[in-house]
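Observations on the model geometry
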Amino acid sequence: MPINSQIFTAPDGLPSILDNSLNGLPQDIRRIIPTPEAVAGEPIQYNDANTVVLLHGEGTNGSTTITDSAAGGSFSWTASGNAQVSTAVAKFGDASLLFDGNGDWVQSTGFNMSSIADSNWTIDFWLYPTAYDDGSSPRTGGIIGGTTGSANTWYIRLTNDLGNIGFTGIESGTVWGFGSPSGVFPLNEWTHYAIVRDADLGLYTHYANGINIGTLISAVNIEVASTTTIGKFSNNSAPQAIFYYEGYIDEVRISNIARYASNFTPQTIPYGTAPS
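A brief look at the structure comes next. (Residues numbered from 1 in each chain as written. Predicted model: local features only at pLDDT ≥ 70, side-chain atom pairs only at ≥ 80, totals over all residues. Heavy atoms only, no water.)

**Quick look at the pairing of strand β15 (residues 174–178)**
As a reminder, the rule being used: Any two strands with at least two DSSP-identified bridges between them are counted as paired. Labels follow the DSSP assignment, with helices taken as runs of H or I lasting at least four residues and strands as runs of E lasting at least two, numbered in each case from the N terminus.
Both strand β14 (residues 165–171) and β15 contribute to a ladder of five bridges, which runs antiparallel. Bridged to Phe167 within β15 is Phe178. The antiparallel pairing of β14 with β15 creates a hairpin that spans two residues between the two strands, and Ser172 there sits at a positive phi of about 55 degrees.

Structural data, given as structure tokens:
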């Protein structure tokens, strides 16, 4: 570092160098970009070519414009009911996606899981539920899924009022899936969820805050050629089979690789653009 320089912390929290040798002009400020190992002791994950869906949930309060920022996909999404951007609660940035549990959802007009079903994949997001499913109508707990009818469905949902989460797939009438221990998704706080498929092993693993909460070995995979929906799931068999989500969701990401192979520390920053 030059003799007439000093290190300081910029307003965004990144350490920087101010070179006083040229009178401290703004162009003399240089950034010290953290190395990948500097965040939670693990490599930073960026918005890369393997990211096929990425919803940061950012926008103005009450907006129904849902932006997909994925470097490897970037599909269109449409908000229905009262689904909207909310600045009331956010894991990252200034906003997240809000669902009131009564007829709200966000749906892709182009992406479906069958496009990556035969490969490794990962679905992960931050969840802030404000209510559990108590069995009354409308049913709640449906987080994300897709369906072409009762015989071909996949979904992730909060399964009861004990903070459990479950993944279920129905392929040509064959049902498979697995759940979690109780209490892993408490109300009114953020919890990170990830489910990973290792295609070579036929292994499914899901994690809460980076901790393995269940595994499943199955040769069956998601081959549901329907658009993906966030905030509800339905198997189309009856009205009572529709489950809506009540709460906030942030940083929804779907990847065409297996992001995690063991316990991990969820990163504390959004999946941004990698530095050049």
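**Digging into the sheet that holds strand β20 (residues 232–234)**
If you walk across this open sheet you meet the three strands as β11-β21-β20, and the pairing is mixed. Edge positions in the sheet fall to β11 (139–140) and β20, since each has one partner strand and no second. Of the pairings in the sheet, the one linking β11 to strand β21 (residues 242–244) comprises two bridges and is parallel in character. Residue Arg139 lies in a different strand from β21, and its bridge partner there is Phe243.

**Side note on the pairing of strand β4 (residues 51–55)**
Keep this limit in mind: Burial classes follow relative accessibility: with a 1.4 Å probe on protein chains only, a residue under 20% of its type's maximum area counts as buried, one over 50% as exposed, and anything between as partly exposed.
The buried fraction of β4 is high, at five of five residues. With four bridges joining them, β4 and strand β22 (residues 246–255) adopt antiparallel strand pairing. Bridging across to β22, Leu55 finds its partner in Val252.

**Brief notes about unusual backbone geometry**
For Asn209, which is not a glycine, the phi torsion comes out positive at approximately 50 degrees. Tracing the sequence through the fold places Asn209 in the loop between β17 (203–208) and β18 (211–217). Exposure remark for Asn209: the relative accessible area of 37% places this residue in the partly exposed category. In this structure, Glu251 is a non-glycine residue whose phi angle is positive, near 55 degrees. As for its placement among the helices and strands, Glu251 is situated in strand β22.

**What about the packing of aromatic side chains?**
What counts, and what does not: Aromatic pairs are defined between Phe, Tyr and Trp rings, using the six-membered ring for Trp, whenever the two ring centres lie within 6.5 Å; interplanar angles under 30 degrees are classed as stacked, those over 60 as edge-to-face, and all others as tilted.
Evaluated as defined, the whole model comprises 19 aromatic pairs. On the basis of an interplanar angle of 45 degrees and a centroid distance of 6.3 Å, the ring pair of Trp121 and Phe167 is categorised as tilted. On the criterion of sequence distance, the pair formed by Trp121 in strand β10 (residues 121–129) and Phe167 in strand β14 is long-range, its members being 46 residues apart. Here Phe167 falls in the buried class, since its relative accessible area comes to 0%. Relative to Tyr260, the ring of Tyr207 has its centre 6.3 Å away and its plane inclined at 65 degrees; by these criteria the two rings are edge-to-face. Within this pair, whereas Tyr207 is found in strand β17, its partner Tyr260 is found in the segment after β22, the two being separated by 53 residues in sequence. Relative accessible area serves as the criterion here: at 2%, Tyr207 is assigned to the buried category.

**Brief notes about the nonpolar core**
The condition is simple: Only buried residues count toward a nonpolar core, which is a set of Ala, Val, Leu, Ile, Met, Phe, Trp, Tyr and Cys residues joined through side-chain atoms within 4.5 Å. Residue contacts follow a heavy-atom distance rule, with two residues in contact if any of their heavy atoms lie within 4.5 Å.
Formed by 43 residues in total, the largest nonpolar core has its most connected members in Phe125, Ile143, Ile156 and Phe167. With four residues, β10 is the single largest residue contributor to this core. Setting aside chain neighbours within four positions, we find Ile156 in contact with Ile123, Phe125, Gly141, Gly142, Ile143, Ile144, Ile165, Gly166, Phe167, Tyr193 and Ile195. Judged by nonpolar contacts, the second largest core, of eight residues, contains Val196, Tyr207, Tyr260 and Phe264.

**Section: the environment of Asn164**
Test applied: N or O atoms closer than or at 3.5 Å make up a polar contact, with two conditions inside protein: a donor-capable atom paired with an acceptor-capable one, and, for residues adjacent in sequence, both atoms drawn from side chains.
For Asn164, the location among the structural elements is in the loop between β13 (152–158) and β14. A C-alpha to C-alpha distance of 6.4 Å links Asn164 and Phe185, two positions 21 residues apart in sequence. In this structure Asn164 touches Arg157, Leu158, Thr159, Ser180, Pro181, Ser182 and Gly183, once residues within four positions along its chain are discounted. Polar contacts involving the side chain of Asn164 include one to the side chain of Ser182, which spans 3.4 Å.

**Thoughts on the side chain of Gln267**
Here Gln267 shows up in the segment after β22. From its side chain, Gln267 meets the backbone nitrogen of Gln45 in a polar contact 2.8 Å long. Here Gln267 is in contact with Pro43, Ile44, Gln45, Phe92 and Trp126, once residues within four sequence places are set aside.

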